[in-house]
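Observations on the model geometry
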Amino acid sequence: MTTSTERGEPRIGVRTYTDVDLALNRVATRARETPQFRAGVAAAYQWALSRTERSPITGADAGGTPDLPILTAEVDAALVQLGDPAIPDGNQEYVRGAHDALAWLCGQSDRAA
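A short tour of the structure in this document, coming up. The structure displayed is predicted, hence computed values, not measured ones.

The rules behind each value
Residues numbered from 1 in each chain as written. Predicted model: local features only at pLDDT ≥ 70, side-chain atom pairs only at ≥ 80, totals over all residues. Heavy atoms only, no water. Helix = DSSP H or I, 4+ residues; strand = E, 2+ residues; numbered from the N terminus. Rg over C-alpha atoms; globule rule 2.2 N^0.38 Å. Buried < 20%, exposed > 50% of the residue type's maximum accessible area, 1.4 Å probe, protein only. Contact = heavy atoms within 4.5 Å. Areas by Shrake-Rupley, 256 points an atom, 1.4 Å probe, with all protein chains shown as cover. Lys, Arg positive; Asp, Glu negative; His and termini not counted. Charge placed at Lys NZ, Arg CZ, Asp CG, Glu CD. Axes fitted to C-alpha atoms, helices over the stretch in contact; angles between N-to-C directions. Parallel < 35°, antiparallel > 145°, perpendicular 65-115°, else oblique. Left-handed = near helix turned anticlockwise from the far one by under 90°. Nonpolar A, V, L, I, M, F, W, Y, C, P; charged D, E, K, R; others polar. Salt bridge = Lys/Arg side-chain N within 4 Å of Asp/Glu carboxyl O. Polar contact = N/O pair within 3.5 Å; in protein donor to acceptor, adjacent residues only side chain to side chain. Core = buried A, V, L, I, M, F, W, Y, C linked by side-chain atoms within 4.5 Å. Expected span 1.5 Å × (residues − 1). Phe/Tyr/Trp six-rings, centres within 6.5 Å; stacked < 30°, edge-to-face > 60°.

**Thoughts on the overall build of the protein**
- Looking only at helices and strands, the protein features four helices and three strands.
- Taking 2.2 N^0.38 as the reference for a compact globule, 113 residues should give roughly 13 Å; the C-alpha atoms of the protein span a radius of gyration of 13 Å, in line with that estimate.
- Taking all 113 residues of the protein together, 40% fall into the buried category.
- The long-range share in the protein, meaning contacts at least 24 apart out of those at least 6 apart in sequence, stands at 54%.
- Total accessible area on the protein is roughly 6000 Å²; 51% of this is exposed by carbon and sulfur atoms.
- Side-chain charges in the protein split into 11 positive and 15 negative, and the spacing between the mean points of these groups amounts to 7 Å.

**Focus: the packing of helix α1 (residues 17–27) against helix α2 (residues 35–48)**
- Their axes nearest at 9 Å, the elements α1 and α2 cross at an angle of 155 degrees. Our classification of the angle between α1 and α2 gives roughly antiparallel. You can see that α1 and α2 cross each other, and the crossing is left-handed. Contacts between α1 and α2 involve Val20, Ala23, Leu24 and Val27 from the former and Arg38, Val41, Ala42, Tyr45 and Gln46 from the latter.
- The class makeup of the residues in the contact of α1 with α2 is seven nonpolar, one polar and one charged.

**Some details on the side chain of glutamate 74**
- Mapped onto the elements of the fold, glutamate 74 is located in helix α3 (residues 68–82).
- Within the buried set, glutamate 74 has no salt-bridge partner at all; the shortest N-O distance to an opposite charge, 9.8 Å, is to arginine 54.
- Within the local environment of glutamate 74, its side chain forms a polar contact with the side chain of threonine 58, the two groups lying 2.4 Å apart.

**Focus: the environment of alanine 77**
- Along the chain, alanine 77 turns up in helix α3.
- Residue alanine 77 is classed as buried on the basis of its relative accessible area of 18%.
- Along the sequence, alanine 77 and histidine 99 sit 22 residues apart, while their C-alpha atoms lie 8.8 Å from each other.
- The residues contacting alanine 77, other than those within four sequence positions of it, are Ile57 and Thr58.

**What to know about the nonpolar core**
- Core analysis: the biggest nonpolar cluster contains 29 residues, and Tyr45, Leu71, Leu102 and Leu105 have the highest contact counts within it.
- Where this core is concerned, the elements lending two or more residues are α1, α2, α3 and α4 (89–105).
- If you tally residues by element for this core, the top one is α2, at seven residues.

**Some remarks on α2**
- For α2, built from 14 residues, the straight-helix expectation of 20 Å at 1.5 Å per residue is met to within 8% by its first-to-last C-alpha distance of 20 Å.
- All of the buried residues along α2 are Phe37, Gly40, Val41, Ala42, Ala43, Ala44, Tyr45, Trp47 and Ala48.
- The elements touched by buried residues of α2 are β2 (10–12), α1, α3 and α4.
- Once α2 ends, the next one or two residues include serine 50, with phi positive near 65 degrees.

**Comments concerning the packing of aromatic side chains**
- Under the counting rule described, the total for this entry stands at one aromatic pair.
- On the numbers, 5.9 Å between centres and 75 degrees between planes, the contact of tyrosine 45 with tryptophan 104 is edge-to-face. Separated by 59 residues along the polypeptide, tyrosine 45 in helix α2 and tryptophan 104 in helix α4 bring together distant segments of the chain.
- Take tyrosine 45: its relative accessible area is 0%, and that puts it in the buried class.
- Given the relative accessible area of 6%, tryptophan 104 is considered buried.

Quick look at the structure:
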């Protein structure tokens, strides 16, 4: 569920829909991260924008645009996976990318992933 700002623009977590859409569009143009990291970022933004049904970490179906508690639960799930020393490197980069994007959506980071 999205909320609205004072001007009526929908929000996803604490970010505007427009800001999330712009962040998703920038993912493909960035070359400093690994492809797996960028895939995790893109998966998180696409799910937050309701462009995919399943969340990037738990595979949960939010039934539409995820609200802040659902986004936060995905951040927490990502942290659990990142703390697993047996996670393969490629998977770790994917989870790290999704985590960074989700943390930004939740207002836990000031910088878009």
